[in-house]
Amino acid sequence: MNYVEHVFQFPCTDGSVVERVGMMAEGTGLGYYTQLSGGLYLWPTGSGTVTCEPEGWTRYVLTHIESGCTFGCFVYTEQHVRNLLLRVAPLCDWRLPVVELVRQSGYPTAETMCELLLAAGKDCGL
């Protein structure tokens, strides 16, 4: 997969636009950008314990480029986000607008679709 620099644009409610520079996987409709963690609480699967994400870690955020929707999970290495992208990219045509993706998928919302496809990507050996 070939990656090129991409500027993600996220519209705000006040009409301004926040930009983040990241990477786009050419021809897939997907990309990722980084952000610093803020100490969010996470519940690791199966552990039953609550852990605190360390502040200041770099998160890699997998994103649908056309809509700016993220996949609702963070990973902490570039190799991990690229492996995730490799698993998720073939599951549907991410170049489509998110409304069309949801309509074709049969899932009730974009969030549900992304969560289930993310789980499918992990089940493929991520």
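Since the model is a prediction, treat every value here as computed from it, not as a measurement.

## Description of the pairing of strand β1 (residues 3-11)
Put simply, side chains in a regular strand alternate between the two faces of the sheet.
Consideration 1: Here β1 pairs with strand β2 (residues 17-25) via nine bridges, running antiparallel. Bridged to Pro-11 within β2 is Val-17.
Consideration 2: Counted between consecutive antiparallel strands, the loop separating β1 from β2 contains five residues, among which Gly-15 sits at a positive phi close to 95°.

## A word on the confidence of the model for the protein chain
Regions with low pLDDT should not have their predicted coordinates read in detail.
Consideration 1: Here the protein chain averages 78 in pLDDT, and 73% of its residues register 70 or above.
Consideration 2: For the protein chain, per-element mean pLDDT is lowest for strand β4 (residues 41-42), which scores 48, and highest for β2, which scores 92.
Consideration 3: In the model, residues 122-126 has pLDDT below 50 throughout and makes seven contacts with residues more than four positions away in sequence or in other chains.

## Considering the pairing of β2
Consideration 1: The sheet contact formed by β2 and strand β3 (residues 30-36) spans four bridges and is antiparallel. When the sheet's bridge partners are listed, Gly-22 is paired in β3 with Tyr-33.
Consideration 2: As consecutive antiparallel partners, β2 and β3 are separated by four residues, and within that stretch Gly-27 has a phi angle of approximately 80°, a positive value.

## Some words on the nonpolar core
Across soluble globular proteins, you tend to see nonpolar side chains buried next to one another.
Consideration 1: Counting residues in each nonpolar core, the largest one holds 16 residues, and the members touching the most others are Leu-30 and Leu-85.
Consideration 2: Among the secondary structure elements, those contributing two or more residues to this core are β3, β6 (58-64) and α1 (78-88).
Consideration 3: Take this core: its biggest share by element is four residues, from α1.
Consideration 4: Leave out the neighbours within four places in its chain, and Leu-85 touches Met-1, Tyr-3, Ala-25, Thr-28, Leu-30, Gly-31, Tyr-32 and Leu-62.

## Here we look at the pattern of salt bridges
Consideration 1: One pass over the full model with this rule turns up two salt bridges.
Consideration 2: For Glu-78, the salt bridge identified is with Arg-82, shortest N-O distance 3.6 Å. One end of the pair is Glu-78 and the other is Arg-82, both in helix α1 and four residues apart, which spans about a single turn.
Consideration 3: Residue class for Glu-78 comes out partly exposed when judged on its relative accessible area of 33%.
Consideration 4: Arg-95 is the salt-bridge partner of Asp-93, the closest N and O atoms lying 2.8 Å from each other.
Consideration 5: Note on Asp-93: relative accessible area 31%, which makes it partly exposed.

Calculation criteria
Residues numbered from 1 in each chain as written. Predicted model: local features only at pLDDT ≥ 70, side-chain atom pairs only at ≥ 80, totals over all residues. Heavy atoms only, no water. Pairing = 2+ DSSP bridges. Helix = DSSP H or I, 4+ residues; strand = E, 2+ residues; numbered from the N terminus. pLDDT = per-residue confidence, 0-100. Contact = heavy atoms within 4.5 Å. Core = buried A, V, L, I, M, F, W, Y, C linked by side-chain atoms within 4.5 Å. Buried < 20%, exposed > 50% of the residue type's maximum accessible area, 1.4 Å probe, protein only. Salt bridge = Lys/Arg side-chain N within 4 Å of Asp/Glu carboxyl O.

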